[in-house]
Amino acid sequence: MQNTHLSEGERREADLMRGALRDGGFTSRKVAQALGFIAWSGAALDSAWWRRSPSAGGALGPLIDVFVRGEDVGEAALVTALGARAHAAGTRLGLIEGGASPLLLLPLGEDLVLMDHPARSGQDDGIFLADSTSWAARRMVLGPAGRHLDLGSGGGAVTLAAARTATETVGLDINPRAATVLALSAALSAVNVLPTTGDARALDGIGTFDRVSFVLPMLTRRVEMADAPVHTLGPANLLESVIDQLPSLLRPQGLAILYSQVVLPGGELPTVLRRAFARRRFRARLWVDWWSDTEVGPVRGGILALRADADGGFDEVEAPPDR
């Protein structure tokens, strides 16, 4: 595993950009409303928000065009919207190229989350777009915690939310690009995380955690996958491997927040959980918010919350915890 850190100079550049974006009105509420949403929600994030035309004047309009819609407004217009110093800082960070940006930047709550343009996000080294699954997980990692591990961290949609209440947060992704993008997201959001490149199937030596989250990249290759089961996106044993490691990852009374299918290659989810926690008690609930008919039969999935060292076993409800 390899950690990624920004230099003090890069952090100062990110501070300049964050202040300029804030001064231009680039906040979660104002951006969502300019795109026609009352506020961000799971349904809003599952829509093609990057294709919406903003109704915003002043500096906010070009900022949304560049960082949310992925357009090129021309260097002069972006310099006017951000200010010369912040534009230069963003250029040095690799987040601005003239009047455009190679990445999208979405304000979610207090966080500024970087991600790839839709066409790039589906590539092997792409940074996935925030969607309803990451939104639901964000809403479930807001409580205080000690150490938090976010697997498949991408640009930080869940990692940054967790870092606001955890004393230490590790964001791990197998994609080496993700560590750099997460480090920039964290600096822009003024939170501390440890971006790490590693394989979620081999977590020996990473330590123990009070909270673990894992949201697989739902939008990756969505066109090609059609109605295939969600977790065929990665290696067939990816989610099961994470579940198998939870007993050794979670501290006493530790909490895991995962996006999971009900049927996994190794059997039904309750069976997989009981096998993994054969020597440790647990309480788990799955909020089902996804159903689909596939060639192999009906598939359903949702957010799974699991508490170690608690009684109750597994149950399932057909409603998401928070959209």
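Fair warning: this is a prediction, and the values are worked out from it, not measured in the lab. (Residues numbered from 1 in each chain as written. Predicted model: local features only at pLDDT ≥ 70, side-chain atom pairs only at ≥ 80, totals over all residues. Heavy atoms only, no water.)

Caption draft 1: Seen up close, the overall build of the protein chain. Along its length, the protein chain carries 13 helices and 13 strands. In summary, the protein chain has a C-alpha radius of gyration of 20 Å against a globular reference of 20 Å for 323 residues, a match within 12%. The C-alpha extent of the protein chain, read off along each of the three principal axes, is 60 × 40 × 30 Å. The buried share of the protein chain, reckoned over its 323 residues, is 57%. For the protein chain, contacts bridging at least 24 residues in sequence account for 68% of all contacts bridging at least 6. Put simply, the protein chain shows about 13,400 Å² of open surface, and 50% of that area lies on carbon and sulfur atoms. Here the protein chain carries 32 positive and 37 negative side-chain charges, and the mean point of each set is 5 Å from the other. (Helix = DSSP H or I, 4+ residues; strand = E, 2+ residues; numbered from the N terminus. Rg over C-alpha atoms; globule rule 2.2 N^0.38 Å. Buried < 20%, exposed > 50% of the residue type's maximum accessible area, 1.4 Å probe, protein only. Contact = heavy atoms within 4.5 Å. Areas by Shrake-Rupley, 256 points an atom, 1.4 Å probe, with all protein chains shown as cover. Lys, Arg positive; Asp, Glu negative; His and termini not counted. Charge placed at Lys NZ, Arg CZ, Asp CG, Glu CD.)

Caption draft 2: Structural detail: the pattern of salt bridges. Under the criterion given, the structure shown has 18 salt bridges. The partner of Glu240 in a salt bridge is Arg275, and the shortest N-O contact between them spans 3.7 Å. Here the residue Glu240 occupies a position in helix H12 (residues 238-249), and Arg275 occupies one in helix H13 (residues 269-276), the gap between them amounting to 35 residues. Note on Arg275: relative accessible area 45%, which makes it partly exposed. Linked through salt bridges whose partners overlap, the residues forming this network are Glu110, Asp111, Arg138 and Arg164. (Salt bridge = Lys/Arg side-chain N within 4 Å of Asp/Glu carboxyl O.)

Caption draft 3: Focus on the packing of helix H1 (residues 8-23) against helix H10 (residues 176-189). Running from N to C, H1 and H10 point in directions that differ by 55°, and their axes come no closer than 8 Å. As summarised for this structure, H1 and H10 are arranged oblique, according to the angle between their axes. By crossing handedness, the relation of H1 to H10 is classed as right-handed. For the pair formed by H1 and H10, the contact residues are Ala14, Asp15, Met17 and Arg18 on the first element and Ala187, Leu188 and Ser189 on the second. (Axes fitted to C-alpha atoms, helices over the stretch in contact; angles between N-to-C directions. Parallel < 35°, antiparallel > 145°, perpendicular 65-115°, else oblique. Left-handed = near helix turned anticlockwise from the far one by under 90°.)

Caption draft 4: Expanded view of the nonpolar core. Counting residues in hydrophobic clusters, the biggest one holds 55 residues, and the most contacted among them are Leu21, Phe26, Trp40, Trp49, Phe67, Leu82 and Met115. It is H10 that contributes the most residues to this core, eight residues altogether. Excluding residues that lie within four positions of it along the chain, Phe26 makes contacts with Leu21, Val31, Leu60, Leu63, Ile64, Phe67, Val68, Leu105, Pro107 and Leu112. Judged by nonpolar contacts, the second largest core, of 35 residues, contains Ala200, Leu216, Leu286 and Ala308. (Core = buried A, V, L, I, M, F, W, Y, C linked by side-chain atoms within 4.5 Å.)

Caption draft 5: Representation of H10. Taking 1.5 Å of rise per residue, 14 residues should cover 20 Å, and H10 covers 21 Å from first to last C-alpha, within 8% of that figure. Counting buried positions along H10 gives 11 out of 14 residues, so the element sits mostly inside the fold. Every buried residue belonging to H10 is among Ala178, Ala179, Val181, Leu182, Ala183, Leu184, Ser185, Ala186, Ala187, Leu188 and Ser189, and all of these are buried. Residues of H10 that are buried sit in contact with H1, strand E2 (103-108), strand E3 (111-116), helix H9 (159-163), strand E5 (166-173) and strand E6 (194-197). You can read the cap of H10 off the contacts: a side-chain oxygen lies 3.0 Å from the backbone nitrogen of Arg177, and it is on Asn175. Of the residues flanking the end of H10, it is Ala190, one or two places downstream, whose phi is positive at about 60°. (Expected span 1.5 Å × (residues − 1). Polar contact = N/O pair within 3.5 Å; in protein donor to acceptor, adjacent residues only side chain to side chain.)

Caption draft 6: Structural context of the pairing of strand E7 (residues 209-214). Counting buried positions along E7 gives five out of six residues, so the element sits mostly inside the fold. Where strand E4 (residues 145-151) meets E7, four bridges bridge the pair, whose relative direction is parallel. In the sheet register, Asp150 faces E7, and the bridge partner there is Ser213. When E7 meets strand E8 (residues 250-261), the two strands line up parallel, connected through five bridges. Along E8, the bridge assignment pairs Ser213 with Ile257. (Pairing = 2+ DSSP bridges.)

Caption draft 7: Fine view of the packing of aromatic side chains. Evaluated as defined, the whole model comprises five aromatic pairs. For the pair Phe26 and Phe67, a centre-to-centre distance of 6.2 Å together with 70° between the ring planes defines the contact as edge-to-face. Taken together, the positions of Phe26 in the loop between H1 and helix H2 (28-34) and Phe67 in helix H4 (residues 60-67) put the pair 41 residues apart, joining distant regions of the chain. Like Phe67, Phe26 is buried. Taking 6.3 Å as the distance between ring centres and 80° as the angle between the ring planes, the aromatic pair formed by Trp40 and Trp49 counts as edge-to-face. The pair formed by Trp40 and Trp49 is uniform in burial state, with each residue classed as buried. By way of ring pairs, the aromatic residues Phe37, Trp40, Trp49 and Trp50 are connected into one cluster. (Phe/Tyr/Trp six-rings, centres within 6.5 Å; stacked < 30°, edge-to-face > 60°.)

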